[in-house]
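A structural walkthrough
Residue-level listing of the chains:
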Amino acid sequence: MQRDLLKPPPAVFAAGLLALMALTNPANGQATKTGGRGGAPATAASLARYVPEKGLAAYAEFRGFDADARGWQKTAAYKAFNDTTLGALLVDLASQGIDAARNAAGGAGPGGDEVLAKAALFLRRGAVVGLCIREGKPEEADLVIAFRGGANKDVRGLIDRVVSSVGKKGELRKGARKLVTYGTGKKTFATWDEKGDAIVCGLEVVDAVLAATDGKAKSAETHPIRAGLANDVDGFRPVGLAFLDMTKFPKPPPDAARVGLDGVKRVEMQFGFQDEALMWTARIAAPSPRKGFLALLDQPTFDLGSLPPLPADLTQFTVLSVDPERTYDRIIALIKESDPKGGQAQAEATERSIKESLGIDLSRDLLRHLGPKLSLYASKSAPPIQGLLPALENISGLVIEAEVKDQKAAARGVDALMTSLARRVADEAKKPGRRGTPPQMRKNDGPQLAWSMIPAPGTPAKDLEPTLVVGEKSLVFSPRKEIAESLAAGLKGERWTPKGDYSTLGKRVPNRLVYLSVSDPRETVPQIVANLPNLVAMAEMGMAQSAKAKGQAPPRIPIRIDPALIPDPETLASKMGPGSMSISVDPSGIRLVNREAFPSLANPASGGIAIALLLPAVQSAREAARRAQCVNNEKQMMLAFHNYESGYGHFPRAAIVDKAGKPLLSWRVAILPFIEQQELYNKFHLDEAWDSPHNKTLLNSMPPQYRCASMPMTDPTLAYYRVFDGKGAMFEPGVDVKIADMTDGTSYTLALVETKEGVPWTKPEDLEFDPDAKAPPPFYGAGSMHPGGFNAGMGDGSIRFLKATIAEKVMKALITRAGGEVIGGTDF
């Protein structure tokens, strides 16, 4: 039997956090089926009454899903989560994910079920956050937060733990109320329970909050912006709302005003339900005339009645309205305006670079002859490409279509552009050392100007012939020649209109559009969910292969998918429907509206949470890539060391010296010929110091191998790889060290390490080492920005990652080449 998602804890869970398309709403669905039984009733007074209206500059209110349980239960998302096993699946995966994270952290903290249950309380009941600017002090503000039902024992305990992190605890009496304070001085917060709710605010604003609460002063309930956002309009029932009143904040700096950001008066957001759809809106109040960046949104508008020709069978497409010439001119103007001194020169350089790269004056020769409407979709008539990954098989149907105002003039511009591109491709093919047959650019015969790219023989996409055609009314690009030529000649048959499943969507799309994207999750989400077990199995297989290559035990993903909870794809699809995202512009500002039957990454609310969840993984992947680049840098330098040793019979010394033994230039200069930098090496005066008038001019020519990608690019002349220079080290002053001299073993002798402190790359300054002196542990000057340790090159040319926990004696033993210490491979 399907898990009961209707009852309070422990069966009430927040969100299926591991399923991106259901990051927020499943939790709410599971919670709101309790209606008024398990939480605050829908008629409960607004939490806005706790926030003072005076000075209110920023405000966010989430009423909680209990506030409109009926509205939530009417949505398609609610039905998908509760009328199929999808909700139970997401809850199960989220709970397992939280448990796995807890176990990885040592097993401390609540389990997944408990975390989800507590999170559900917040989602069901709601909360508000207000920021009040102090009168006469726009640079100072006070925070006010209120949680409905926050007096609940579990919730109150969580709030107190968070607030107590700011400082010591105290007490404060305000009439009959007993407040608890945390912190000291201006950084003091007060918290108390108010008729079952919990309030947290800065000490300076306590009296104002109490006055608003007791009805002695106006609260956010009567604030005109909040009141307008809270109203139901055209069937849209807001559950969450927020606004940012820019007029309450200090004036923006001159640079921001110069590019038009001072034109933003207010930012507003809403989230709620309309019909069966979830709806999210955002509005930027920026009255005309707009300038700077905001002027880019002043584009010709369209509505559903003036869409460009789209095939009737489309389920997903995007239409954009952008005046090409005006937008290009606006961007060039922004470059000029951004810098009063150098903007003009920078803009001219940008235009000159574009002209040299493309071979045409982009604005005059092409953009002015194109109309504003641009459409992007995938033609369903195109067969899949055989030989590519399944996810890429349908790319052959891609269509990009731009409106044409003057066919002949546009054809001349396109022909000049493609001729220039073809010449570049041909020149590239003639370069020495070029391997394989490059693609060919070909001008086609026919009544319409058409250029195609012929893929190189043997490529997986041999059936494709990417083609650009200039038709009478449109400029069309498609990976398939026949599709591009057919559409450029004019769309045959019925055009897309919002009918059938799209009829409700069509009634809700606003006018004065500059952007419209229509999508249908029924074609993708059910199949993704159905294939989750296979996706996990494929991921584990890839991880196992990678581990095997490294001689490691194969890891396992600590989450199991219960096949019984996988919903039937057809049943799940029947609970979904199409959605849309639109941007419209009018004289008062810009408005974004997102309507969807099923929560997806297109929803900025869920998308924001998705980014928050994915950010650690993205950062981890980025750091892994940087660390891999660092390893590659050190490998190149270690290979250079060994090639140097093969050529000269010994490794390079730490410094190139003069006849008196005075260091002149770093070893980084000495190995330049061995890292394919012979030409740069030849430019140095090897009998002069690194900072001589001549050699100093070469500082800005540092090879990229000498900079770790994880280090901030504050100075492009600084190197972050150094050697240990001293008695007994691999680099010892006055000694030509050979491989045979490393009697401790080449794999147990340090040659090269990363450092957090950079040094001018030509300067002979390394890490001094004295085996008889006490050195600062544990790294003797080595270190990096990589979490947990640093990369080090060993005498045998291998690269090891030395952990931050390495013992001082082990580090010292690794630095010496013939110290006779006994260390094992597991010691570092």
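Scroll up to find the structure this text is about.
Residues numbered from 1 in each chain as written. Predicted model: local features only at pLDDT ≥ 70, side-chain atom pairs only at ≥ 80, totals over all residues. Heavy atoms only, no water.

Nonpolar side chains in soluble globular proteins generally cluster together in the buried interior. Core analysis: the largest hydrophobic core is formed by 38 residues, its most contacted members being F641, L672, F684, Y706, L752 and W761. Those elements that place two or more of their residues in this core are α19 (604–648), β22 (663–666), α20 (667–670), β23 (718–722) and β25 (750–760). When residues of this core are assigned to their parent elements, the largest contribution, five residues, is made by α19. Ignoring anything within four residues of it in the chain, the contact list for L672 reads Q677, Q678, L680, Y681, F684, P703, Y706 and W761. F65, A77, F81 and F271 belong to the second largest nonpolar core, which has 28 residues in total. (Core = buried A, V, L, I, M, F, W, Y, C linked by side-chain atoms within 4.5 Å. Buried < 20%, exposed > 50% of the residue type's maximum accessible area, 1.4 Å probe, protein only. Helix = DSSP H or I, 4+ residues; strand = E, 2+ residues; numbered from the N terminus. Contact = heavy atoms within 4.5 Å.)

Quick look at the packing of helix α11 (residues 343–358) against helix α13 (residues 407–429) now. Where α11 meets α13, the axes come as close as 8 Å, and the angle between the chain directions of the two elements is 70°. On the basis of the axis angle, α11 is roughly perpendicular to α13. On α13, the residues touching E356, S357 and L358 of α11 are L417, S420 and R424. Looking at side-chain class alone, the contact of α11 with α13 contains two nonpolar, two polar and two charged residues. (Axes fitted to C-alpha atoms, helices over the stretch in contact; angles between N-to-C directions. Parallel < 35°, antiparallel > 145°, perpendicular 65-115°, else oblique. Nonpolar A, V, L, I, M, F, W, Y, C, P; charged D, E, K, R; others polar.)

Let us now look at the environment of T717. Counting through the fold element by element, T717 comes out in the loop between α21 (678–682) and β23. A sequence separation of 16 residues divides T717 from S701, and the C-alpha atoms of the two residues are 7.7 Å apart. Residues contacting T717, with those up to four places away along its chain left out, are L699, N700, M702, V759, P760 and W761.

On the surface, a cluster of nonpolar side chains totalling about 210 Å² of accessible area is made up of L374, L376 and I400. Relative to the elements of secondary structure, L376 occurs in strand β12 (residues 370–378). By relative accessible area, L376 is classed as partly exposed at 39%. (Patch = residues over 30% accessible without salt bridge, like charges linked within 9 Å, V, L, I, M, F, W, Y side chains within 5 Å. Areas by Shrake-Rupley, 256 points an atom, 1.4 Å probe, with all protein chains shown as cover. Salt bridge = Lys/Arg side-chain N within 4 Å of Asp/Glu carboxyl O.)

As a further point, take α13. With 23 residues, α13 extends 32 Å between its outermost C-alpha atoms, agreeing within 8% with the 33 Å of an ideal straight helix rising 1.5 Å per residue. Burial in α13 covers these residues: A409, A410, A411, G413, V414, L417, M418, S420 and A422. The N-capping residue of α13, defined by a side-chain oxygen 3.3 Å from the backbone nitrogen of K408, is D406. (Expected span 1.5 Å × (residues − 1). Polar contact = N/O pair within 3.5 Å; in protein donor to acceptor, adjacent residues only side chain to side chain.)

This paragraph deals with the pairing of strand β16 (residues 467–470). Walk down a regular strand and you will see the side chains alternate between the two sheet faces. With burial as the criterion, each face of β16 is covered, one bearing T467 and V469 and the other bearing L468 and V470. As paired elements, strand β15 (residues 449–454) and β16 share four bridges and run antiparallel to each other. In the strand pairing of β16, A450 is matched with V469. Two elements, β16 and strand β17 (residues 474–478), share four bridges in a ladder whose sense is antiparallel. Bridged to T467 within β17 is S478. (Pairing = 2+ DSSP bridges.)

Evaluation of the coordinates by the stated rule reveals 31 salt bridges. A single salt-bridge network, built from bridges that share partners, covers D234, D275, R508 and R595.

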